[in-house]
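# Structure assessment
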Amino acid sequence: QGVPKPFTEVIKANIGDAQAMGQKPITFLRQVTALCLYPALLAEPSIPEDAKDRARRLLAACGGQSAGAYSASPGIELVRRDVARFLQRRDGVPAKPQDIFLSTGASDAIVSILKLLVSGSGGSRTGVLIPIPQYPLYSAAIAELSAVQLNYYLDEERCWALDVAELRRALAEGRQRCCPRVLCVINPGNPTGQVQSRQCIEDVIKFAFEEKLFLMADEVYQDNVYAEGSAFHSFKKVLFEMGPPYSEVVELASFHSISKGFMGECGFRSGYVEVVNMDPEVQQQLAKLVSVRLCPPVPGQIVLDAVVDPPQPGDPSYELFITEKQEVLSALAHKARLTQEIFNKTPGIRCNPVQGAMYSFPRIELPPRALAAAEAQGQAPDMFFCMKLLEETGICVVPGSGFGQREGTFHFRMTILPPTEKLQVLLEKLSSFYAKFVKEYS
């Protein structure tokens, strides 16, 4: 409305949208997609042969050899086979294409699995255990399906670790009002950026086995692990390494996406779910459920194929591909360290190490007068802080209350995606705004 502001641009540090924040697309992924969408480019000499071979192979698997045709509802058979091979290489455990359902981003697959698992009414209504802080897709989908949300709190003092004693508490409390059937785990964490240890994953699997819970493992940030000593362990791999009875009985759905990692292809909307140990009759219902949507976007399936089957050493595209991939991931690792260092230098802000994913979730102390001012405006205290931050600096972050947090604690979630020089300025601006805010309300 033309009101002058003390800043020139709004910096959107609120959403994990890599390319909107200036991340460059990976050349090979875009070449394969472009060739499939416009096959006349196959005659273009500047495009490497391996990208052309891939495009021809994918087009041959499309109806009428066109990326504009519907695919089978669970996705193009060839792409599902490539995903199965990718999972087999990752985990050292066999994977079957028929257990893999491609989807419109991981979100779509998560909603489909929840839809499949929710039933009953009153005391028999399905309860779903979700981590707090959580990614709001879960609370929204649970509300939409009229399921019961059961919160388990991650331990901020132990770098947002998942504690089985806390799972037991949430389960016991949930059993008094519903029928808990599902346990969701986000690893690496969103919004918290933690990476669960292998031991922790084992403990969670044992817990799910004992309590007969269906496990949903949201693993979309598996490529984004930065901290020394942290490593990504897939739930499926750990489950099979534990062997029987766990590997034969525990039902698991694990999710991945092309939106995060080094790819950052959010707009193509593509991902998949792999189901393990699912009852064949239930799996048949899942196949029916996904068929209602006809099929996931075919261009997204094409990008997914290039992600799960990347160029190999010796291929014409390999050198450029591996250089671009490492550049993205090492820049993110650097930004993860930078975020934690700058925040922790500011009295009143406490930020756990960003071990993985794309966000920091710092805790902020807010003075009593700020709490009173927020209440007077009918806002959560961290929302009040975030709105003031936006109005005065143009920095847009998300209040912790949007994700859930322990009573009496305040946080905000901020993505680490902006370019390094922009991120450094943003972090310093945010820290000095916080100091000024505290002074103003003390």
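Rules behind the numbers
Residues numbered from 1 in each chain as written. Predicted model: local features only at pLDDT ≥ 70, side-chain atom pairs only at ≥ 80, totals over all residues. Heavy atoms only, no water. UniProt positions renumbered as here; feature names shortened; annotations may be inferred. Axes fitted to C-alpha atoms, helices over the stretch in contact; angles between N-to-C directions. Helix = DSSP H or I, 4+ residues; strand = E, 2+ residues; numbered from the N terminus. Parallel < 35°, antiparallel > 145°, perpendicular 65-115°, else oblique. Left-handed = near helix turned anticlockwise from the far one by under 90°. Contact = heavy atoms within 4.5 Å. Nonpolar A, V, L, I, M, F, W, Y, C, P; charged D, E, K, R; others polar. Salt bridge = Lys/Arg side-chain N within 4 Å of Asp/Glu carboxyl O. Buried < 20%, exposed > 50% of the residue type's maximum accessible area, 1.4 Å probe, protein only. Polar contact = N/O pair within 3.5 Å; in protein donor to acceptor, adjacent residues only side chain to side chain. Core = buried A, V, L, I, M, F, W, Y, C linked by side-chain atoms within 4.5 Å. Domains from an automatic or database assignment. Pairing = 2+ DSSP bridges. Buried area = accessible area lost by both parts, 1.4 Å probe.

Labelled according to an unreviewed UniProt entry, the protein appears under the name Alanine aminotransferase 1, originating from Haliaeetus albicilla. What the UniProt record of the protein gives under Cofactor (unreviewed entry) is the line "pyridoxal 5'-phosphate". According to its UniProt record, the protein has this under Subcellular location (unreviewed entry): "Cytoplasm".

## Description of the packing of helix H3 (residues 77-91) against helix H11 (residues 298-308)
At a closest axis distance of 9 Å, the pairing of H3 and H11 adopts a crossing angle of 30°. Relative to H11, the element H3 lies roughly parallel. Judged by the sense of rotation from one axis to the other, the crossing of H3 with H11 is left-handed. Between H3, through Leu78, Val79, Asp82, Val83, Phe86 and Arg89, and H11, the contact on the second element is made entirely by Gln301, Leu304, Asp305 and Val308. Here the residues of the contact of H3 with H11 are counted per class, giving 6 nonpolar, 1 polar and 3 charged.

## Regarding the pattern of salt bridges
When the charged atoms of two side chains with opposite charge come close together, those side chains can pair. The final tally for this structure, using the stated rule, is 28 salt bridges. For Arg293, the salt bridge identified is with Asp108, shortest N-O distance 1.9 Å. One end of the pair, Arg293, is in the loop between helix H10 (280-291) and H11; the other, Asp108, is in helix H4 (residues 105-117), and 185 residues separate them in sequence. Between Glu157 and Arg350 there is a salt bridge whose closest N-O contact spans 3.2 Å. Highlighted residues: Glu157 in the loop between strand E4 (148-153) and helix H6 (164-175) and Arg350 in strand E9 (residues 349-350), separated in sequence by 193 residues. With a relative accessible area of 58%, Glu157 lands in the exposed category.

## Focus on the UniProt feature "domain: Aminotransferase class I/classII large" (unreviewed entry) in the protein
The UniProt entry lists residues 47-430 under the feature "domain: Aminotransferase class I/classII large" (unreviewed entry), expressed in the numbering used here. Between the C-alpha atoms that bound residues 47-430 the distance is 44 Å, and the span itself is 44% helix and 15% strand.

## Quick word on the side chain of Asn352
Positionally, Asn352 belongs in the loop between E9 and strand E10 (359-360). A polar atom in the side chain of Asn352 sits 3.0 Å from the backbone oxygen of Glu156. Non-local contacts of Asn352, meaning those with residues more than four positions away in its chain, are made with Glu156, Cys159, Trp160 and Gln340.

## Let's talk about the nonpolar core
Ranked by internal contacts, the top residues of the largest apolar core, which has 83 residues, are Val83, Ile113, Met216 and Phe255. For this core, the domains that each give at least three residues are domain 1 (11-16 + 320-441) and domain 2 (61-308). With sequence-adjacent residues up to four places away left out, Val83 is seen in contact with Ile100, Leu102, Tyr272, Leu304 and Val308. Formed by 33 residues, the second largest nonpolar core is a distinct cluster that contains Leu150, Leu183, Val185 and Phe207.

## Things to note about the sheet that holds strand E2 (residues 100-103)
Either a parallel or an antiparallel arrangement is found when strands of a sheet pair, and the pairing is made through backbone hydrogen bonds. Here 7 strands make up an open sheet; going across it, the order is E2-E8-E7-E6-E5-E3-E4 and the pairing mixed. Because the sheet does not close on itself, it has two edges, and the strands there are E2 and E4. Looking at each pair of strands side by side, their axes are set apart by 20° on average, direction ignored. Two strands pair when backbone bridges link them, and strand E5 (residues 179-186) and strand E6 (residues 214-218) are joined in this way by 5 bridges, in the parallel orientation. In the strand pairing of E6, Cys184 is matched with Met216. Lying over the sheet, H10 contacts E2 and strand E8 (271-276), oriented at roughly 20° with respect to E2.

## Brief notes about the domain arrangement of the protein
It is common to give the size of an interface as the accessible area that goes away when the parts come together. With domains assigned, the protein is organised as domain 1 (11-16 + 320-441) and domain 2 (61-308). Its C-alpha centre places domain 1 at a distance of 27 Å from the equivalent point of domain 2. In this assembly, 28 residues from domain 1 lie in contact with 29 residues from domain 2. Counting the surface lost from both domain 1 and domain 2, the interface buries some 2,500 Å², and carbon and sulfur atoms represent 55% of this.

## Structural notes on the pairing of strand E7 (residues 252-257)
Burial analysis of E7 places 6 of its 6 residues in the buried class, which makes it a mostly covered element. Burial along E7 is two-sided: the residues Leu252, Ser254 and His256 and Ala253, Phe255 and Ser257 are all buried. Of the strand pairs in this sheet, E6 and E7 are connected by 4 bridges, and their pairing is parallel. Within E7, the position partnered with Ala217 by the bridge is Ser254. Inspection of the sheet shows E7 paired to E8 by 6 bridges, in the antiparallel sense. Looking at E8, one finds that Ser257 is bridged to Gly271.

## Details of unusual backbone geometry
Between Ile132 and the following residue, Pro133, the backbone shows a cis peptide bond with an omega angle of 0°. Relative to the helices and strands, Pro133 is located in the loop between strand E3 (126-132) and helix H5 (137-144). The amide bond that connects Asn190 to the next residue, Pro191, takes the cis arrangement and shows omega of 15°. Mapped onto the secondary structure, Pro191 falls in the loop between E5 and helix H7 (198-211). Backbone geometry at Gln65 places phi at a positive 50°, although glycine is not the residue there. Within the element layout of this structure, Gln65 appears in the loop between helix H2 (49-60) and H3. A residue is classified by how much of its surface remains accessible, and Gln65, at 53% relative accessible area, is exposed. Even without glycine at this site, Ala357 takes up a positive phi of about 60°.

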